[in-house]
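Read off the chains here:
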Amino acid sequence: MSVTTPSKLQKIMATGAFAVTSEVGPPRSADGKAVEEKANLIKDYVDAINVTDNQTAVCRISSLAACIRIKLMGLEPVLQMVTRDRNRIALQSDILGAASFGINTMLCLTGDHQQFGDHPKAANVFDLDSIQLIQTVKMMRDEGRLLGGHEFDVRPQMFIGAAANPFAGPNVAMRVARLAKKVAAGVQFIQTQCIYNLDKFKEFMKILVDRGLHEKVSVMAGITPMKGVGMAKYMQKRVPGMDVPDEIVRRMGGVPKDKQAEEGLNLAVEQIEELKGVEGLRGFHIMAIEWEEKVPEIVKRAGLYPRPQVA
Ligand SMILES: Cc1cc2nc3c(=O)[nH]c(=O)nc-3n(C[C@H](O)[C@H](O)[C@H](O)COP(=O)(O)OP(=O)(O)OC[C@H]3O[C@@H](n4cnc5c(N)ncnc54)[C@H](O)[C@@H]3O)c2cc1C
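So, how was this worked out
Throughout this description, residue numbers start from 1 for each chain and increase along the sequence as written. With the structure being a predicted model, the display of local features is reserved for residues of pLDDT at least 70 and the display and counting of side-chain atom pairs for 80 or more, all residues being used for whole-chain, interface and lining totals. Computation of side-chain values: all heavy atoms of the structure, hydrogens and water removed. Using a grid of 1 Å spacing that covers the protein atoms alone, one calls a set of points a cavity when a 1.4 Å probe fits there but cannot get out, and a pocket when the set is open and has protein on both sides within 12 Å along at least five of seven lines; lining residues are those with an atom within 4 Å of a point. Grid points are joined across faces, edges and corners, and a volume is the space filled by probe spheres set on the points. Secondary structure follows DSSP: runs of H or I at least 4 residues long count as helices, runs of E at least 2 residues long count as strands, and numbering of each begins at the N terminus. Amino acids outside the nonpolar list (Ala, Val, Leu, Ile, Met, Phe, Trp, Tyr, Cys, Pro) and the charged list (Asp, Glu, Lys, Arg) are all regarded as polar, and Gly is one of them. Think of it this way: DSSP has to see at least two bridges between two strands before they count as a pair. Axes here refer to lines fitted to C-alpha atoms; in helices the fit is confined to the stretch in contact. Angles between the N-to-C directions go from 0 to 180 degrees. Note on definitions: a residue-residue contact is assigned when non-hydrogen atoms from the two residues lie within 4.5 Å. Working definition: a ring pair exists when centres of Phe, Tyr or Trp rings (six-membered ring for Trp) sit within 6.5 Å. Plane angles under 30 degrees give stacked, over 60 give edge-to-face, the rest tilted. Three exposure classes are used, based on accessible area relative to the maximum for each residue type with a 1.4 Å probe and protein chains only: buried under 20%, partly exposed in between, and exposed over 50%. We call a residue near a molecule or strand when any one of its heavy atoms sits within 4 Å of it. The definition of a polar contact used here is a pair of N or O atoms within 3.5 Å, where within protein one atom must be able to donate a hydrogen and the other to accept one, and adjacent residues in sequence count solely through side-chain atom pairs. Here, Shrake-Rupley sampling with a 1.4 Å probe gives the accessible areas, and only protein chains in the shown set may cover a residue. Occupancy of a cavity or pocket is assigned to a molecule whenever over half of its atoms lie within 2 Å of that pocket's grid points. What the arc describes is the spread of directions from the helix axis to the C-beta atoms.

Enquirer: Explain the layout of surface pockets here, please?
Expert: Rolled over the atoms, a probe with the dimensions of a water molecule shows which regions are left empty. Quantified by volume, the largest pocket comes out at close to 1600 Å³. Around the largest pocket, the lining comprises 50 residues; the ones closest to its centre are Gln55, Thr56, Asp112, Gln193 and Val239. Looking at the lining of the largest pocket, the elements that each hand over two or more residues are β1 (19–24), β3 (77–82), β4 (105–109), β5 (159–164), α6 (172–185), β6 (189–194) and α8 (229–238). Of the residues in the lining of the largest pocket, the class split is 21 nonpolar, 16 polar and 13 charged.

As structure tokens, then:
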């Protein structure tokens, strides 16, 4: 039985409607207004706003600071937290800090390796991995205890999420097995890596449903609109763990350059429409990288607007 929290995302999922989230990538400067501007672009079209944690291992405004800003705007942030940069003291401290501002949804991640970011010589921490982070948040929430043993009264009421990549090696069944470990650790919702190979994703979901995991965890499909054939080729060849079928690259390249962005949006909308029929799927996580202004159009065209209201 999943623990109930004050998380709006959890409440939306409880209505049975498809949940919709999108992300804000914080800026590489102290420009806090940029976070607010991006959040304002999408706020009426999503149930919660993920804030990435130094994604691609590139240094930015911290996820916690940006989430507090979004919370103060009266919106629902999803605190993304990677274990790459902070040890267990810092992670637990940030969870307590987030909860003290009423942030109650988080995504527990290992994080992109620093070697690929803008500080390749940075020391990595990885004191905990994503599964241990999930266990830690669950312990703090359900037992009121820190890893060091200290017990406390005011507990973080976190709806606990994590990521899954159905397309990483060695095969789909192993990706479900890794997800099952996260479920056993206490994860309640999953946001997946960007999906372009729909057949492989359906295979992933079938194994997940056959194992009954959809009864224990709410899976949201990751959707990233392509801006052009250049992005399609880059993701196909350069981004590890990404599965972009040749037909997508051909389709994006088959329209004139000035129509490719529109084709990318068409593709994203079609993908959502098709995935709505997949058993066990509970929502969509739209990662429109530096293209947040297109989220409203995708949500509307995919028939996911207006968003349900919850108390
Ligand atoms: C929705 C979403 C949001 C993301 N947001 C961010 C972000 O904000 N910041 C950022 O830096 N990155 C982010 N990423 C990237 C993500 O953190 C990386 O892709 C990372 O490699 C996988 O993270 P994870 O938490 O899913 O990995 P995990 O499931 O924890 O696994 C990490 C990798 O190591 C392997 N691994 C881990 N432990 C073991 C083990 N014990 N034995 C064998 N193999 C193991 C896994 O198979 C996997 O390949 C995001 C990814 C997604 C899908």
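Enquirer: So what exactly am I meant to see when it comes to the sheet that holds strand β8 (residues 281–286) here?
Expert: Sheets are built from strands paired through backbone hydrogen bonds, the pairs being either parallel or antiparallel. The 8 strands are arranged β1-β2-β3-β4-β5-β6-β7-β8 in a closed barrel whose pairing can be described as parallel. Averaged over all pairs of adjacent strands, the angle between their axes in this sheet comes to 30°, without regard to strand direction. Where strand β2 (residues 48–51) and β3 come together, 3 bridges link them in parallel fashion. Residue pairing in the sheet places asparagine 50 in a bridge with valine 78 of β3. Of the strands in this sheet, β2 and β3 are in contact with helix α3 (residues 63–72), which crosses β3 at around 175°.

Enquirer: I'm lost on the packing of aromatic side chains in this one. Help?
Expert: The description of an aromatic ring pair uses the distance of the two centres, along with the angle that the planes make with each other. Under the criterion given, the structure shown has 4 aromatic pairs. An angle of 25° between the planes, with centres 4.8 Å apart, marks the rings of tyrosine 45 and tyrosine 305 as stacked. Taken together, the positions of tyrosine 45 in the loop between α2 (32–42) and β2 and tyrosine 305 in the segment after α11 (295–301) put the pair 260 residues apart, joining distant regions of the chain. For tyrosine 305, a relative accessible area of 37% corresponds to the partly exposed category. Centre to centre, the rings of phenylalanine 201 and phenylalanine 204 are 6.0 Å apart; their planes meet at 25°, and the pair counts as stacked. In this pair, phenylalanine 201 and phenylalanine 204 are both assigned in helix α7 (residues 198–210), 3 residues apart and thus about one turn of the helix distant. The same class applies to phenylalanine 201 as to phenylalanine 204, namely buried.

Enquirer: Hey, could you run me through the site of the ligand in this one?
Expert: By nearness alone, 19 residues border the ligand, and Asp53, Thr110, Ser130, Arg178 and Lys182 come closest of all. Interatomic distance of 3.0 Å between a backbone N/O atom of glycine 111 and an oxygen atom of the ligand. In this structure, serine 130 approaches the ligand through a side-chain N or O atom, which is 2.5 Å from an oxygen atom. When isolated, the ligand has an accessible area of 950 Å², and the protein chains bury 67% of it. A majority-of-atoms criterion places the ligand in the largest pocket. Sorting the residues of the shell around the ligand by element identifies β3, α6 and β6 as the ones contributing at least two each. Taken together, the residues of the shell around the ligand break down into 3 nonpolar, 10 polar and 6 charged.

Enquirer: What's the story with helix α1 (residues 8–15) in this structure? I'm lost.
Expert: Residue pairs three or four apart in sequence face the same way in an α-helix, which turns once every 3.6 residues. Among the residues of α1, Leu9, Gln10, Ile12 and Met13 are the ones counted as buried. Each buried residue of α1 sits inside an arc of 160° when the element is viewed along its axis, so together they form one side. For α1, the side-chain oxygen to backbone nitrogen distance between the N-cap and leucine 9 is 3.2 Å, and the N-cap itself is serine 7. Directly beyond the C-terminal end of α1, a positive phi value near 95° is found at glycine 16.

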